[in-house]
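Spelled out from the first residue to the last, the chains are:
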Amino acid sequence: MTIRGGEVVLGMVLSATAMVVGVVWDISWDASIGADSFWSPPHMAINFGAAAAGLFALGGLLASGGHRHSAVVRVGTGAVVWGAVAMLGWVILDDWWGQAYGLFGERWSPPELLFTVSAAVILFGTAAAVSGDAQEKGFPGAFWVAGIAMVFGVAAMTPYGLPNLHRTATFYLVVSAVFPAILLVAARATEGGWGATRAACVYSATICGLVWILPRFAARPTIGPIYQPIEAFLPPSFPLLLIAPALAMDWVLRRLDGEVSRVAAAGAVFVLSYLPVQWLFASFLLSPMSDNAFFAGGGRHWPFYAEIGPERSLFWGTEQDPIGLMTIAGCFVAASVSSRIGLSLGAWMVGSRR
Amino acid sequence: MRLWLLAAAVLLLAAASAAHVGSPNVYYEGEAGPYRVRVVVRPPTAIPGTAETTVSVAGGPATLSIQAVAAGTPAERAAAQAGRPVAGVEGMYSAELWLLEPGAYAIRVHLHGEAGHGEAVVPINAVNRQPQPMPAATAAALAAIAAILVAGAGLLAAAAFPGGAGRLAGATGAGVAFVLLALFLREWSAYDRDFRGNKLFEPMPVRARALVDEGGRYVEVTRVADDRGSRAWPRLVTDHGKLMHAFLIREPTLDAFAHVHPRPTSSGDFIVAAPTLPAGRYRLYADITLESGLSETLSTDFDLPGEPSGGGSALVVPDPDDSLRIVGPVPAPPLSTVEQCDLGGGYSMRWQNPEIADDPDIGELRFAVEDGDGKPARLQPYMGMLGHAAVRRLDGEVFAHLHPVGSISMASQEVLAMADSGEGGHAGHAMTDPHAAHRAATESEASVAFPFEFPKPGPYRIWIQVKVAGEVLTGVFDTQVERVR
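Residues numbered from 1 in each chain as written. Chains lettered and ligands numbered in written order. Predicted model: local features only at pLDDT ≥ 70, side-chain atom pairs only at ≥ 80, totals over all residues. Heavy atoms only, no water.

A. Representation of the sheet that holds strand β5 (residues 80-82) of chain B in the model. Residues and elements named next belong to chain B. The strand order across the open sheet built from 4 strands is β5-β4-β8-β9, with neighbouring strands paired in antiparallel fashion. A strand with exactly one partner marks an edge of an open sheet, and here the two such strands are β5 and β9 (116-126). Ignoring strand direction, the axes of neighbouring strands in this sheet form an average angle of 20 degrees. Here 11 bridges tie strand β8 (residues 103-113) to β9, and the two strands are oriented antiparallel to one another. Counted as the bridge partner of His112 is His117 from β9. (Pairing = 2+ DSSP bridges. Helix = DSSP H or I, 4+ residues; strand = E, 2+ residues; numbered from the N terminus. Axes fitted to C-alpha atoms, helices over the stretch in contact; angles between N-to-C directions.)

As structure tokens, then:
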């Protein structure tokens, strides 16, 4: 049996994409229909996506005997198998968990932690396999996987990524800790430059696609009490404007030498180019101007179970969780650490060869 | 993976401490407009969760729409689900209803058909119960996966550092994964402790004690102070004119049984004159219904001293609907089935379907009463019902109080039916008449049936109370339940 590495890697990429799209769809399903079973279509996308990624990876490892590829490809492929096994554990645990402690588990309950880790490892492994493989055979898909990982990162932040929270310290600290790493892996591991920008484009296009497509399909809540009149799938929030720091980081990094200056610059560039942009854009997303099918904003779209009044289009937590100088300093530290991790991982993914 | 086994053992141990009553399924039989319905609701053990609901309809073909309406929310906010016909069983429909918040829910069944429009309201408690222990196969699968993940982390780390550093990296990777696994299990056990400690439904803790004066013996039921030190009772509603229906059962012989109705005292607690029961240790089960529609069975033990010698003024007069029965002690299990019971006064009661102990599909307990000549005896309503049943597993893990309308609290039904009539005002709309059973009871019938399924196997004693010629008669039956659903 021979499976060409490129095909295996392409299979992993498409499977991981299905898994992540399934996650965003599932969040919309829970908010629009409510009841879901193991067999709901988004669950199928998640489970089959993870399982298929794992099987492609396992097939790749077995067919090659694990020897023909670089360490990066082996580790990446192995990590995808690992993530898929962990995901199987999640399926088993989650099923029992729902019966024992209730369905719709709380945020960051143990099954959710396990799911997040499993999916993140699958995405990491796929990114590594793609990058390592690109060195060998030329499937330059690292930016695509990074973009999908950004979609997953935003989905994992639900509901803390709501535009209503875009003036809180926590939101910016979390974003600064998570996204520079993914953007810089893309920047480093993508052949041909502009990796961060391309990843941000994949992220934005995927979320926009779901914002525009999901509401075209009918959905009705099957659980009460119903407080929001819902007739179609709820769109996710409009993408975060991560395209701005992605462009800025790509542009600045090309002009710098030396790891220390890159890390420091990346952190600062991210904070300076993201915070003001998102701060301003959030006002627009809560205003009537964005209350349309394109932006799905204006505070219109809420899960059926949300009993919400005028605060739907207001900023929340601006007093309890305000943004101050310390927040900006914290964001800089978080973004720098995140950048350091991203640059190292990216370098490892393309640097270490057979 | 000792940690996994440890976690499984912890879960098993915690689950062994059982709930007081142990019979969560809800059975209802009654009129819904021109139809007669039998509704069985199997609530989930944890909320949010789904309640398996089946509805059997007699009285003509109909389409069903079923809602689960949380108490205090309007019915129009509840989602409606069509009842799916159950293949091969005519007139039976099923639905999976979601219960989102703990509390009282009304299961509202709307029927539309050629015969007209009808509605039935079935009250249920949506509450968190003791989680079932994890099945051994599930625990084994998870332990195996955990082992693979720890070993796999080691292999991955080793592969990431080819060459001499690989072995050290592999050990480190496996070690880190093991620590993460331990942290994960710690998180899990904290979640489990929180769930069992703070989120389980516990009936209000009460205390009972016997008071004695020259006039007689009394049983006082007081509330145990809650977290805030309050001993005040919540607001209750009456069920057949009584705020509390209590059963006193002598432990561990189950030979003495009384059905009494404590009344509130000026201090807000409850008191009742003790019937002429022998002295001993008793278990009290007290059914109450809160204003919210939530019904609870309170439970506690107390010691009843012997009857005082003098006969003076009574502190509390006995309730005219109080009744008692004393029979022989329950034999050692496994119990052989008792099918016939002498009721005194020439009457006898026969259990018509004791085979339910082996066949949960029968779904009801049915009894017939004969007079001394072997002729069917005419049953009269006893507190508005053709019969009252108390079902108790010997060890007390199961106790249920049943009526011919099922296991529901009719007071809850009234609360929830009145709270919101949903689509009230429609022509031809017929609410469930909570008094339908009262009317039915006026018809002469010599047998009485209680919709029920035994929730757990084991030895059971059953008390059946009926009224014949103005006398409350109590039949006592034993059985060993072998098969449950």
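Moving on from the model shown.
B. Fine view of the domain arrangement of chain A. Residues and elements named next belong to chain A. In terms of domains, chain A is made up of domain 1 (1-139) and domain 2 (142-354). Between domain 1 and domain 2, the C-alpha centre-to-centre distance is 22 Å. Counting from both sides, the interface comprises 40 residues of domain 1 and, opposite them, 38 residues of domain 2. Summed over the shared surface of domain 1 and domain 2, the result is 0 salt bridges. On inspection of domain 1 and its partner domain 2, the count reaches 5 residue pairs in polar contact (both at pLDDT 80 or more). Mapped by element, the contributors of at least two residues to the side of domain 1 that touches domain 2 are α1 (5-32), α3 (71-101) and α4 (110-136). Its residues placed into classes, the side of domain 1 that touches domain 2 shows 25 nonpolar, 12 polar and 3 charged. (Domains from an automatic or database assignment. Contact = heavy atoms within 4.5 Å. Salt bridge = Lys/Arg side-chain N within 4 Å of Asp/Glu carboxyl O. Polar contact = N/O pair within 3.5 Å; in protein donor to acceptor, adjacent residues only side chain to side chain. Nonpolar A, V, L, I, M, F, W, Y, C, P; charged D, E, K, R; others polar.)

C. Summary view of unusual backbone geometry. All names here are of chain B. A cis amide bond, omega 0 degrees, links Ile47 with the succeeding residue Pro48. Relative to the helices and strands, Pro48 resides in the loop between β2 (35-42) and β3 (49-58). Between Glu251 and Pro252 the backbone carries a cis peptide bond, its omega angle lying at -10 degrees. Within the secondary structure, Pro252 is located in the loop between β13 (245-250) and β14 (256-260).

D. Seen up close, the side chain of Ser273 of chain A. All names here are of chain A. Counting through the fold element by element, Ser273 comes out in helix α9 (residues 259-286). Ser273 gets classed as buried once you look at its relative accessible area, which sits at 14%. At 2.6 Å, the side chain of Ser273 forms a polar contact with the backbone oxygen of Val269. Residues contacting Ser273, with those up to four places away along its chain left out, are Ala244, Pro245 and Ala248. (Buried < 20%, exposed > 50% of the residue type's maximum accessible area, 1.4 Å probe, protein only.)

E. A look at the interface of chain A and chain B. Between chain A and chain B, the contact holds 35 residues from the first and 38 residues from the second. Approximately 3200 Å² of surface area, both sides summed, lies buried where chain A meets chain B, with 74% of it carried by carbon and sulfur atoms. The largest contributions to the chain A side of the interface with chain B come from Trp82, Trp96 and Tyr101 of chain A, which together make up 21% of the buried area. For the pair chain A and chain B, the interface holds 0 salt bridges. Those elements giving two or more residues to the side of chain A that touches chain B turn out to be α3 and α4 of chain A. (Buried area = accessible area lost by both parts, 1.4 Å probe.)

F. Here's a closer look at the packing of helix α2 (residues 41-64) of chain A against α3 of chain A. Residues and elements named next belong to chain A. One can describe the packing of α2 onto α3 by two numbers: an axis separation of 8 Å at closest approach and a directional angle of 140 degrees. Looking at the two axes, α2 sits oblique to α3. Remark: the crossing between α2 and α3 carries left-handed chirality. Contacts between α2 and α3 involve Asn47, Ala50, Ala53, Gly54, Ala57, Leu58 and Leu61 on the former and, on the latter, Arg74, Thr77, Gly78, Val80, Val81, Ala84, Met87, Trp90 and Val91. Considered class by class, the residues forming the contact of α2 with α3 number 11 nonpolar, 4 polar and 1 charged. (Parallel < 35°, antiparallel > 145°, perpendicular 65-115°, else oblique. Left-handed = near helix turned anticlockwise from the far one by under 90°.)

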